[in-house]
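So you can see what is in the structure, the chains are spelled out below.
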Amino acid sequence: MSAPLDPRGLLAATAAFVLWGLMPLYWHLLKSVPPLQIIAHRILWSAVLVAGWLSWRQGRGWLRTTLRHSRAAGMLALSGMFIAFNWGLYIWAVNAGHVVETSLGYFINPLLNVVLGVALLGERLNRVQWASVAIATAGVLWLTFNYGSFPWIAIALACSFGLYGLIRKIVAVPPVHGLGVESLYLVLPALVFLLWSELNGQGGFVTAQSAGGWGTGVVGLLIFGGALTAIPLIAFADAVQRIPFSMVGLMQYIAPTLQLLCGVLVFGEPFGSERMIGFALIWIALAVFATDGLLRSRRRPTSTSAAS
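Residue numbering note: each chain is counted from 1, following its sequence as written. With the structure being a predicted model, the display of local features is reserved for residues of pLDDT at least 70 and the display and counting of side-chain atom pairs for 80 or more, all residues being used for whole-chain, interface and lining totals. For side-chain calculations, the full set of non-hydrogen atoms in the structure is used, while hydrogens and water are omitted.

Undergrad: Give me the lowdown on helix α11 (residues 254-266), citing residues and values where you can.
TA: Helix length check: α11 (13 residues) gives 17 Å between terminal C-alpha atoms against 18 Å at 1.5 Å per residue, within 8%. The complete set of buried residues in α11 reads Ala255, Pro256, Thr257, Gln259, Leu260, Cys262 and Gly263. Positive backbone phi, approximately 70°, marks glycine 268, located one or two places after α11. Numbering of helices and strands runs from the N terminus, with a helix taken as a DSSP run of H or I at least four residues long and a strand as a DSSP run of E at least two residues long. Expected span of a helix, by definition, is 1.5 Å for each gap between consecutive residues, and there is one gap fewer than residues. The classification of residues rests on relative accessible area computed with a 1.4 Å probe and restricted to protein chains. Under 20% of the type maximum is buried, over 50% is exposed, and intermediate values are partly exposed.

Undergrad: Requested: an account of helix α7 (residues 152-170), with residues and values cited.
TA: In a regular helix each residue adds 1.5 Å, so 19 residues correspond to 27 Å; α7 covers 27 Å between its end C-alpha atoms and thus fits that length. Burial in α7 covers these residues: Ile153, Ala154, Leu157, Ala158, Ser160, Phe161, Gly162, Tyr164, Gly165, Leu166, Ile167 and Arg168.

Undergrad: Provide a residue-level description of the environment of tryptophan 45, including the pertinent values.
TA: Checked against the element boundaries, tryptophan 45 lands in helix α2 (residues 35-58). Contact partners of tryptophan 45, with chain neighbours within four places excluded, come to Phe205, Leu222, Ile223 and Gly226. Residue contacts follow a heavy-atom distance rule, with two residues in contact if any of their heavy atoms lie within 4.5 Å.

Undergrad: Before we move on, could you go through the pattern of salt bridges and cite the residues and values that matter?
TA: Salt bridges, as used here, are contacts in which a Lys or Arg side-chain nitrogen is within 4 Å of a carboxyl oxygen on Asp or Glu. For the coordinates displayed, the defined rule picks out 4 salt bridges. The shortest N-O distance in the salt bridge between glutamate 182 and arginine 168 comes to 3.3 Å. With a gap of 14 residues between them, glutamate 182 in helix α8 (residues 175-199) and arginine 168 in helix α7 connect regions that are remote in the sequence. For glutamate 182, a relative accessible area of 1% puts it in the buried group. Exposure remark for arginine 168: the relative accessible area of 0% places this residue in the buried category.

Undergrad: An account of the packing of α2 against α8 is requested, with residue identities and associated values reported.
TA: Orientation is described by lines fitted to C-alpha atoms, with helices fitted over the stretch in contact, and by angles between N-to-C directions that extend from 0 to 180 degrees. One can describe the packing of α2 onto α8 by two numbers: an axis separation of 7 Å at closest approach and a directional angle of 135°. When the axes of α2 and α8 are compared, the pair comes out oblique. α2 and α8 meet at a crossing whose hand is left-handed. The class makeup of the residues in the contact of α2 with α8 is 18 nonpolar, 8 polar and no charged. Each angle receives one of four descriptions, namely roughly parallel if under 35 degrees, roughly antiparallel if over 145, roughly perpendicular if within 65 to 115, and oblique otherwise. A crossing counts as left-handed when the near helix is turned anticlockwise from the far one by less than a right angle, and as right-handed when that turn is clockwise. Asp, Glu, Lys and Arg are counted as charged, while Ala, Val, Leu, Ile, Met, Phe, Trp, Tyr, Cys and Pro are counted as nonpolar; the rest, among them Gly, fall into the polar class.

Undergrad: Describe the packing of aromatic side chains, with residues and values.
TA: Think of it this way: a Phe, Tyr or Trp ring, Trp meaning its six-membered ring, pairs with another when their centres are within 6.5 Å, and the plane angle makes it stacked under 30 degrees, edge-to-face over 60, tilted otherwise. Within the structure shown, the criterion is met by 15 aromatic pairs. Judged by centre distance (6.0 Å) and plane angle (40°), the rings of phenylalanine 17 and tryptophan 20 are tilted. With a gap of 3 residues between them, phenylalanine 17 and tryptophan 20 both fall in helix α1 (residues 7-28), about one helical turn apart. By way of ring pairs, the aromatic residues Phe17, Trp20, Tyr90, Tyr106, Phe161, Tyr164 and Phe236 are connected into one cluster.

Undergrad: Quick rundown of a nonpolar patch on the surface? Include the residues and the values.
TA: Only residues above 30% relative accessible area that lack a salt bridge enter a patch, with like-charged residues linked at up to 9 Å and the nonpolar side chains Val, Leu, Ile, Met, Phe, Trp and Tyr linked at up to 5 Å. For every accessible area listed, the method is Shrake-Rupley and the probe measures 1.4 Å; residues are considered covered only by the protein chains on display. Side chains of Val18, Leu22, Leu25, Leu261, Leu265 and Val266 sit close together on the surface and give an oily, nonpolar patch of about 500 Å² of accessible area. Among the secondary structure elements, those contributing two or more residues to the nonpolar patch are α1 and α11. For leucine 265, the position within the fold is in helix α11.

Undergrad: I'd like to hear about the environment of glycine 9, residue by residue, with values.
TA: Within the secondary structure, glycine 9 sits in helix α1. The sequence separation of glycine 9 and alanine 237 amounts to 228 residues, and the corresponding C-alpha distance is 9.5 Å. Leave out the neighbours within four places in its chain, and glycine 9 touches Ala239, Arg242 and Ile243.

Printed below as a string of structure tokens:
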């Protein structure tokens, strides 16, 4: 991790994680809509947005160009499955009152990314960075063992998103193009499910509110949810190609921290002193990692000028 960091990658990662961190507030507005309906609409409208934008800017050839990359077709199909599973579980958990446990999942996920980056991608950490990882691990373990029950939601969210990020790191396709291919793989089953739901009286998208439909407000939120789905994923996919995967892993603590605050301060979920200890350990780890990166970035210009 001695190479200069790409500022665009850092900005993209930060934007993605802040949006994801505040997302429980948005999905909670759709609590009246069944989770499977929400996930299907997320897929449909994000696919319309991304594929439409790409077709407008680059013509219909963008899909053929993207799939020319080595292993892109199969790998993006796999990453699409992982992200669809992650979306569905996350939305169900938020609207079922498990926002704090979803935040735990995304506390675990960065550590998984660090492990994947070091074990599979050959990335290296210095001693200070390893120390920050160890502190963060202690915080996550504390949160896990003091949660009160096996956090299966958290574990499933961490694994599915960690594998999604790894695939997007390996498949070096442009971020928007990759999301477009993933969306197209998922859009047909999503559209079939939505049509079946409407025809069988289980949907409320096209039904008038007076007849039991969801109303224009909810419909608007579902459509705009496509943009909120696409934007952070595009930023995340851009970030993992610009900065080390292990750094992305540690920056991801921004999202679960905001999710945790939403769960406790907005939705009133329990958060005792034992959880505060784990939370504090993770932020100490982040402070150590960020300080080390700042000091290293300040040393490089000095070293370069001295060499010249």
